[in-house]
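Listed below are the residues making up each chain.
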Amino acid sequence: MRFAEIWTTALRSILKNKRRSILTMLGIIIGIAAVVTILAIGDGFSNWVTKSITSNKSGKVETQIVYMPNDTANTSAQPFNERDLTLVRQVKGIAKVKQSSSDSDYAQLTLPVKNKTKSVLVHYTKGKSSKVIAGRRLTAMDNEIGNQVAVIDASLAKSLFGGTTNALHHGITVDDQLYEIVGVRSSVASSVNFTDAMSGQIPTNITIPRKVHQYYTRSERTGDLLTLSLTKGAKASRVNKRVLHILKMQGSMRSQGEYQSNDPTAQADTFGKVLNAITYFVSAVAGISLFIAGIGVMNMMYISVAERTTEIGIRRAMGARQQDIRLQFLLESATLTILGGLIGYGLGVLLALGVSALPVMPFKASFSFGGFALAFGVSTAVGLVFGVMPANAASRKDLIEIIR
């Protein structure tokens, strides 16, 4: 028999028992849908994290070079001069070079609170502070003219002064300097929301002007950081290696310190591998349902073989070979699971899109051809593997025994 005829016969047998076929496909549909949903959401989350770590607001990939002076270095000298910047700009793969300070915008400090010490997170801001529930926010003007003012959160205000309004116009000490409290923001949660952390909006207990803190603590490290914006397709690790080589050979301050790179893409790759491992593990657990569904397919095919003994006998009497009978039942099993796999893939796509459309989700589900190929391949494999034994049983039926 021709392949098309065999497949048509197999499809007709499936459609003849619609209810039983649908119930058998249900396990395949649920299993494939679960795996596709998990993979799409996991890939979307991984892509979002990678982009957040490696890209700036315009979407360009950035990497950093920082100069670390040694103990005998001339602290008044510029870490990078114009010649250094020119050398860096000439490196292939660099679109833009920006020089800045490597000082952190955040610091973890301890404050004495009622004969105890409390750990607080301090934010050094150049602009506005978070919205307040009492008093006023910090402004860019506070930073420019050097106002020794601060905004604290409500929980710290209650611990230090007994209430929100009581804290206003009192002083709080940060790094041995007294700052006037001009505003109180809402209480900071014990844990930081991941979306806020990735967007740089980390809620803090104390916010003070950056320039004021740098003036009194002499902590500013002027121009010791180069931020490199890369051209499309450039690999951050290779660009960093070239820049470090040039600076170590020709840098103006190479004899008084060390040049180091901060490659966010390496961090993103490590994080991405961990996320992928978790995603694949959860997908494997969800895939257990496919094994159970495969047993259901095998059971249905054995029942089908038993019910169609007469049909098998007639076909054998009319010249059908054992391989024709085997191929028919194999195709029937594979067609059943492939249809279930395709329906499951579509359902998984809809579920992933629905989940990623929720307001609390900061990323979109990501779909690839690999996900479709996985759904199609796994469903086909389940049909073939669990259909082999029933198909062999059908092909080995003895014609004489059937006639009797």
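So, a few notes on the structure that sits alongside this text. (Residues numbered from 1 in each chain as written. Predicted model: local features only at pLDDT ≥ 70, side-chain atom pairs only at ≥ 80, totals over all residues. Heavy atoms only, no water.)

Any two side chains of opposite charge can pair, given that their charged atoms come close. For the structure on display, the rule yields three salt bridges. In this structure, Asp142 engages Arg136 in a salt bridge whose closest nitrogen and oxygen atoms are separated by 2.9 Å. Residue Asp142 is classed as buried on the basis of its relative accessible area of 4%. Under the relative-accessibility criterion, Arg136 is labelled partly exposed at 33%. The salt bridge partner of Lys211 is Glu144, with a shortest N-O separation of 3.3 Å. Taken together, the residues Lys211 in helix α8 (residues 210-217) and Glu144 in helix α4 (residues 140-145) connect sequence positions 67 residues apart. Under the relative-accessibility criterion, Lys211 is labelled partly exposed at 42%. (Salt bridge = Lys/Arg side-chain N within 4 Å of Asp/Glu carboxyl O. Buried < 20%, exposed > 50% of the residue type's maximum accessible area, 1.4 Å probe, protein only. Helix = DSSP H or I, 4+ residues; strand = E, 2+ residues; numbered from the N terminus.)

With that out of the way, let us pick up a positive patch on the surface. On the surface, a cluster of positive charge is contributed by Lys60, Lys96, Lys98 and Lys126. By secondary structure assignment, the location of Lys96 is in strand β2 (residues 94-100). On the basis of relative accessible area, Lys96 is assigned to the exposed category, the value being 54%. (Patch = residues over 30% accessible without salt bridge, like charges linked within 9 Å, V, L, I, M, F, W, Y side chains within 5 Å. Areas by Shrake-Rupley, 256 points an atom, 1.4 Å probe, with all protein chains shown as cover. Lys, Arg positive; Asp, Glu negative; His and termini not counted. Charge placed at Lys NZ, Arg CZ, Asp CG, Glu CD.)

Its 15 residues place the ends of helix α9 (residues 236-250) 21 Å apart at the C-alpha level, agreeing with the 21 Å of an ideal helix rising 1.5 Å per residue. Within the sequence span of α9, burial applies to Ala236, Val239, Asn240, Val243, Leu244 and Leu247. Angular distribution of buried residues about the axis of α9 spans 130°; they occupy a single face of the element. In this structure, α9 carries Arg238, Lys241, His245 and Met249 as exposed residues pointing more than 90 degrees from its buried face. (Expected span 1.5 Å × (residues − 1). Arc of directions from axis to C-beta.)

Where nonpolar side chains cluster on the molecular surface, the patch consists of Val274, Ile278, Phe281, Val282, Val285, Ile288, Phe291, Ile292 and Ile295 and spans about 870 Å² of accessible area. Breaking the nonpolar patch down by element, the ones donating at least two residues are α10 (264-286) and α11 (288-307).

Let's shift gears to unusual backbone geometry. In this structure, His169 is a non-glycine residue whose phi angle is positive, near 70°. By the element assignment, His169 lies in the loop between α6 (164-167) and β7 (171-174). Residues other than glycine seldom take positive phi values, yet Asp176 does so here, at roughly 65°. Relative to the helices and strands, Asp176 is located in the loop between β7 and β8 (177-185).

Turning next to the pairing of strand β6 (residues 149-153). Across the five residues that make up β6, a large majority, five, are buried. Residue alternation in β6 divides its side chains into two sets, Val149, Val151 and Asp153 and Ala150 and Ile152, and both sets are buried. Examined bridge by bridge, β6 and β8 share five bridges and lie parallel to one another. Paired with Val149 across the bridge in β8 is Glu180. Direction of pairing for β6 relative to strand β9 (residues 206-209): antiparallel, over a ladder of two bridges. Residue Val151 lies in a different strand from β9, and its bridge partner there is Thr207. (Pairing = 2+ DSSP bridges.)

We now examine the environment of Gly163. One can find Gly163 in the loop between α5 (154-161) and α6. Residue class for Gly163 comes out buried when judged on its relative accessible area of 14%. Remark: the alpha-carbon pair of Gly163 and Val184, spanning 21 residues in sequence, is separated by 10.0 Å.

We now examine the sheet that holds strand β1 (residues 62-69). Spatially, the four strands line up as an open sheet ordered β2-β10-β1-β11, and their pairing is antiparallel. Here the strands that pair on one side only, and so sit at the sheet edges, are β2 and β11 (257-262). Strand-to-strand, the axes of this sheet are offset by a mean angle of 20°, without reference to chain direction. As paired elements, β2 and strand β10 (residues 225-230) share six bridges and run antiparallel to each other. By the bridge assignment, Ser100 is partnered in β10 with Leu225. (Axes fitted to C-alpha atoms, helices over the stretch in contact; angles between N-to-C directions.)

What follows concerns the packing of aromatic side chains. By the definition in use, this model includes six aromatic pairs. Among the aromatic side chains, those forming a connected cluster through ring pairs are Tyr345, Phe369, Phe372 and Phe376. (Phe/Tyr/Trp six-rings, centres within 6.5 Å; stacked < 30°, edge-to-face > 60°.)

Within the secondary structure, Glu332 is located in helix α13 (residues 322-356). Residue Glu332 is classed as buried on the basis of its relative accessible area, which comes to 2%. In contact with Glu332, other than residues within four places in its own chain, are Ala10, Ser13, Ile14, Met301, Ser304 and Arg308. (Contact = heavy atoms within 4.5 Å.)

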